[in-house]
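# Fold and contact review
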Amino acid sequence: MTRPELEQELRNMLAVGRGWALAQSNWNATEADDVLQASVLKLLDGRARFDGRSSFRTFAFGVIRQTARERRRRALVRSLILLRPIARDELAPRAGDASRASAAPDARLDHSRESALLVAALAQLPGRQREILHLVFYGELTIEEAARVAGVALGTARTHYARGKQRLRELLGDLAADRDANG
Amino acid sequence: MAEPRNDRGKGDELALRGAFARLRDDEAQRAPTLAELVARVSREDAARNPRLVWLRLALPLTGAAMAGFAWWISTSAPQPGAPTRSAPLIALGSMHSPTDALLASPLPSLGGGFSNSLIPAPPVSPAPALDSHSRTTPARRFSV
């Protein structure tokens, strides 16, 4: 792949790539931009080389995921060395952080109310389910491609997809009911 | 009439796709261009303090200087005719207390001074006799 082709591929996937970086960074926009920038630089200077075994989008999503993980690990090590409490934003989003997640999106990103509900519901899903659903629905990957990015077997990804979809539907219903009740 | 399960599943999937599409549209407005992304200063770059760069350089340099000095001390040979520097250091280093050091070094001006000979030697017990059937016999005999 030549340099102009690579840059064109990056331009095409930048918006969805940023969404994936946001999902990997607990919807912290600054951290997500850092992750996305580090990933793009890796691709441009050849530290991550696309070999054509999958679609470019699948490959780039894998690089973003790996970069986000490296940054979280580095932040954890730094916090241990400097004996400082690690910021919540620097850690991976966890399932069950419902109260924080439902309060956070409005504060962090100026989402529409529907999108804020979706982000809050996603934050309550287990990590694998959230990743697979995000890759399939937001990134528009197939389940097979999503399995490759998330590093799980295809059957496992299908299970996460089915369960995650059902759970997300329930959560969206609950959150919408809460919102209507609270006005 | 109840809605068939398959149709309901498809409807749910379409609704989810719609919700994600709206979220994607929201985010797409904020996505930077490739040039902006490459040119931006990351949080790590912004937090990099030039004073800390000097500190990062100074620590290894200090360590290297200390290691070099230790190596020089350990390898420098005494000059011919000069009093040996290492002997008293070794003697003092092996002593447990100043009294031990005094006992170990006789003082000629005091007519012999103190010496270790004042301390009685421990009684030496005779070595046990080895009988011919003992397993502790040191050498084996081989017959041809």
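Being a predicted model, the structure only gives us computed values, none of them experimental. (Residues numbered from 1 in each chain as written. Chains lettered and ligands numbered in written order. Predicted model: local features only at pLDDT ≥ 70, side-chain atom pairs only at ≥ 80, totals over all residues.)

This paragraph deals with the overall build of chain A. Counting secondary structure elements, chain A contains eight helices and zero strands. N-terminal to C-terminal, the α/β element order of chain A is α-α-α-α-α-α-α-α. For chain A, the residues scored as buried account for 40% of the 183 residues in total. Residue pairs at least 24 apart in sequence account for 62% of intrachain contacts in chain A once pairs closer than 6 positions are excluded. (Helix = DSSP H or I, 4+ residues; strand = E, 2+ residues; numbered from the N terminus. Buried ≥ 20, exposed ≤ 12 C-beta atoms within 10 Å, placed from the backbone. Contact = placed C-beta atoms within 7 Å.)

A count of helices and strands for chain B gives six helices and zero strands. Shown N-terminal to C-terminal, the secondary structure of chain B runs as helices and strands in the order α-α-α-α-α-α.

A separate point is helix 6 (residues 127–138) of chain A. Residues and elements named next belong to chain A. The first and last C-alpha atoms of helix 6 sit 15 Å apart over 12 residues, in line with the 16 Å expected at 1.5 Å per residue. Of all 12 residues in helix 6, 10 are buried; the element is thus mostly enclosed. Looking at helix 6, one finds that the buried residues are Q129, R130, E131, I132, L133, H134, L135, V136, F137 and Y138. (Expected span 1.5 Å × (residues − 1).)

Residues A:A21, A:I64, A:I132, A:L135, A:V136 and A:A146 are the most contacted members of the largest nonpolar core, which totals 43 residues. Setting aside its immediate chain neighbours within four residues, A:I64 contacts A:G17, A:W20, A:A21, A:Q24, A:V35, A:L36 and A:S39. (Core = buried A, V, L, I, M, F, W, Y, C linked by C-beta atoms within 7 Å.)

Quick look at the confidence of the model for chain B now. Residue and element names in this part refer to chain B. Averaged over all residues, the pLDDT of chain B is 69; the fraction at 70 or higher stands at 41%. Mean pLDDT across the elements of chain B bottoms out in helix 5 (residues 86–94) (53) and peaks in helix 2 (residues 34–39) (87). For this predicted complex, the interface score ipTM comes out at 0.77, alongside a pTM of 0.61. (pLDDT = per-residue confidence, 0-100.)

Our focus in this paragraph is the interface of chain B and chain A. At the interface, 19 residues of chain B touch 26 residues of chain A. Residue contributions to the side of chain B that touches chain A peak at 11 residues, all from helix 1 (residues 5–28) of chain B. Taken together, the residues that form the side of chain B that touches chain A break down as 10 nonpolar, one polar and eight charged. (Nonpolar A, V, L, I, M, F, W, Y, C, P; charged D, E, K, R; others polar.)

Attention now moves to the environment of A:V16. Relative to the assigned elements, A:V16 resides in helix 1 (residues 3–24). Sequence separation between A:V16 and A:R57 is 41 residues; the distance between their C-alpha atoms is 9.2 Å.

Glancing now at unusual backbone geometry. Residue and element names in this part refer to chain A. For N26, which is not glycine, the phi torsion reads 60° and is therefore positive. Within the secondary structure layout, N26 lies in the loop between helix 1 and helix 2 (29–44). The phi dihedral of W27 falls on the positive side, at around 60°, and the residue is not glycine. Here W27 lies in the loop between helix 1 and helix 2. Residue W27 is classed as buried on the basis of its C-beta count, with 24 C-beta atoms lying within 10 Å.

Let us now look at helix 7 (residues 143–150) of chain A. The buried count for helix 7 of chain A comes to six of eight residues, which makes it a mostly enclosed element. Where helix 7 of chain A is concerned, the buried positions are A:E145, A:A146, A:A147, A:R148, A:V149 and A:A150.

Attention now moves to the packing of helix 7 of chain A against helix 8 (residues 154–182) of chain A. Residues and elements named next belong to chain A. Two numbers describe how helix 7 lies on helix 8: the axes approach to 9 Å, and their chain directions differ by 105°. In terms of orientation, helix 7 lies roughly perpendicular with respect to helix 8. Residues I143, E144, A146, A147 and A150 of helix 7 form the contact with helix 8, whose participating residues are L154, A157, R158 and Y161. Taken together, the residues of the contact of helix 7 with helix 8 break down into seven nonpolar, no polar and two charged. (Axes fitted to C-alpha atoms, helices over the stretch in contact; angles between N-to-C directions. Parallel < 35°, antiparallel > 145°, perpendicular 65-115°, else oblique.)

Residues and elements named next belong to chain A. Running from N to C, helix 1 and helix 2 point in directions that differ by 145°, and their axes come no closer than 9 Å. The handedness of the crossing between helix 1 and helix 2 is right-handed. Across the interface between the two elements, L6, L10, G17, R18, A21, L22 and Q24 from helix 1 touch A29, A32, V35, L36, V40 and L43 from helix 2. (Left-handed = near helix turned anticlockwise from the far one by under 90°.)

Before going further, it helps to spend a moment on the confidence of the model for chain A. Per-residue pLDDT for chain A averages 83, and the proportion of residues at 70 or more is 83%. In this model, residues 93–108 of chain A is a region of pLDDT below 50 whose contacts with residues beyond four sequence positions or in other chains number 25 contacts.

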